[in-house]
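The lines below spell out each chain.
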Amino acid sequence: MINLLRYIDSPGFPSDYLITRIKGRRAALMASWKTVRANGLTALTSDEGIWQALLNELEWLYGQMNRALRECFAPVFVMLELKTIVLCLRNKEADRATEIHMLLTHTLLADSVRQALRDQPDVHSSITTLMETTAGALPGLGEAASAYAGHGLRGFEDGLMRGYLAHTVTTKLHPLINNFLRAFVDLRNVMILYKQLRWGVEDPGAFIEGGMFRLSRLVKLLASKEPNAWEELAKEATALKSLPAAASEGALETVLLTSLTGRLRQIGRGNHKDNDGVGLILDYIWRIYVHARNLAVLYHAADLGEGTLERELIA
């Protein structure tokens, strides 16, 4: 796992010191979001710029961690960096070398991965080189490569994340990180079930193994062809007795992600039971991701009205 990330020849800082720094940066992040909501995005905002800001913060966090924490959080960092790989490939497809360089400046991806994304002439060559250089270090890459041949980069991204998550949850992880990844698998599976029932598509192979919901149950609900069969799983995943109306209006993903955000915040606040600080750090990493995702929503959907935005933004 760690071979996919850059090696930093630094011992980092003690956990207590890092936690203090994170609390300060968390407050700054919240203030930044309030400013954006009050004043809007700047004219220079772009998808790459939003993701680069996230990568800048992850790079800082990774560099501050001691070696034990870097190893502990490697699965989470890699999961987020899968998006960097996909963004680079999308820009390569569009022949935008400047954007690729910007994304790779602060990425935590190892040099071999960065070279494959930067130096190869096209998407197919980059994917081939990734398969040659990362070997078995990136589970799901083979599936993603096959998906790219049939469904383009959308299929590649889906296959990469599905394969990575299914493998990673079976490895030895810190309990809080294992629970987080399994919850993330559950949320993706609920979305897969929702979309397939909505569009009348029956592809049980799309579900991801490793979550709390058994695949047999997911397959059975899919086979029922009941349009609302996803609701019972969504209620279990969110611990809600009833789902907000927004869930039935296409904003189910936001409801699910908001629920996960709330759980992670509770874990982060319970740091007295988490002497190594993993819960608080995990909550902060997720906050950084949520901030980037919300900025992207504002960037792409700002003209759709406040009501639509509220259904799309993660609380």
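Shown above is the structure to which this text applies.
Since the structure is predicted, the reported quantities are computational estimates derived from the model, not experimental observations.

Peer 1: What is the right way to look at the pattern of salt bridges in this model?
Peer 2: Two side chains with opposite charge may pair up if their charged atoms get near one another. Under the counting rule described, the total for this entry stands at 16 salt bridges. A single salt-bridge network, built from bridges that share partners, covers Glu-143, Asp-158, Arg-162 and Arg-188.

Peer 1: Teacher, can you tell me more about the environment of Leu-41 here?
Peer 2: Structurally, the position occupied by Leu-41 is in the loop between α1 (15-39) and α2 (47-64). Accessibility expressed as a relative area gives 31% for Leu-41, which makes it partly exposed. C-alpha of Leu-41 to C-alpha of Gly-159: the two residues are 118 residues apart in sequence and 32 Å apart in space. Not counting the four nearest positions on each side in its chain, Leu-41 is found in contact with Val-36, Leu-295, Leu-298 and Tyr-299.

Peer 1: When you look at unusual backbone geometry in this model, what are you seeing that I'm missing?
Peer 2: Most peptide bonds take the trans configuration, and most residues that are not glycine carry a negative phi. The phi torsion at Asp-95 lies on the positive side, around 60°, for a residue other than glycine. Mapped onto the fold, Asp-95 is located in the loop between α3 (67-93) and α4 (97-105). In this structure, Lys-225 takes a positive phi of about 60° despite not being glycine. Mapped onto the fold, Lys-225 is located in the loop between α9 (215-224) and α10 (231-238).

Peer 1: Hey, could you run me through the packing of helix α8 (residues 175-199) against α9 in this one?
Peer 2: For any two helices packed against each other, the geometry comes down to the angle between their axes and how far apart the axes lie. Look at α8 against α9: their axes get within 10 Å of each other, and the N-to-C directions meet at 15°. Overall, the two elements α8 and α9 adopt an arrangement that is roughly parallel. Handedness of the crossing formed by α8 with α9: right-handed. Between α8 and α9, the contacting residues are Asn-189, Leu-193, Gln-196 and Leu-197 on the first element and Leu-218, Leu-221 and Leu-222 on the second. Grouping the constituent residues of the contact of α8 with α9 by class yields 5 nonpolar, 2 polar and no charged.

The rules behind each value
Residues numbered from 1 in each chain as written. Predicted model: local features only at pLDDT ≥ 70, side-chain atom pairs only at ≥ 80, totals over all residues. Heavy atoms only, no water. Salt bridge = Lys/Arg side-chain N within 4 Å of Asp/Glu carboxyl O. Helix = DSSP H or I, 4+ residues; strand = E, 2+ residues; numbered from the N terminus. Buried < 20%, exposed > 50% of the residue type's maximum accessible area, 1.4 Å probe, protein only. Contact = heavy atoms within 4.5 Å. Axes fitted to C-alpha atoms, helices over the stretch in contact; angles between N-to-C directions. Parallel < 35°, antiparallel > 145°, perpendicular 65-115°, else oblique. Left-handed = near helix turned anticlockwise from the far one by under 90°. Nonpolar A, V, L, I, M, F, W, Y, C, P; charged D, E, K, R; others polar.

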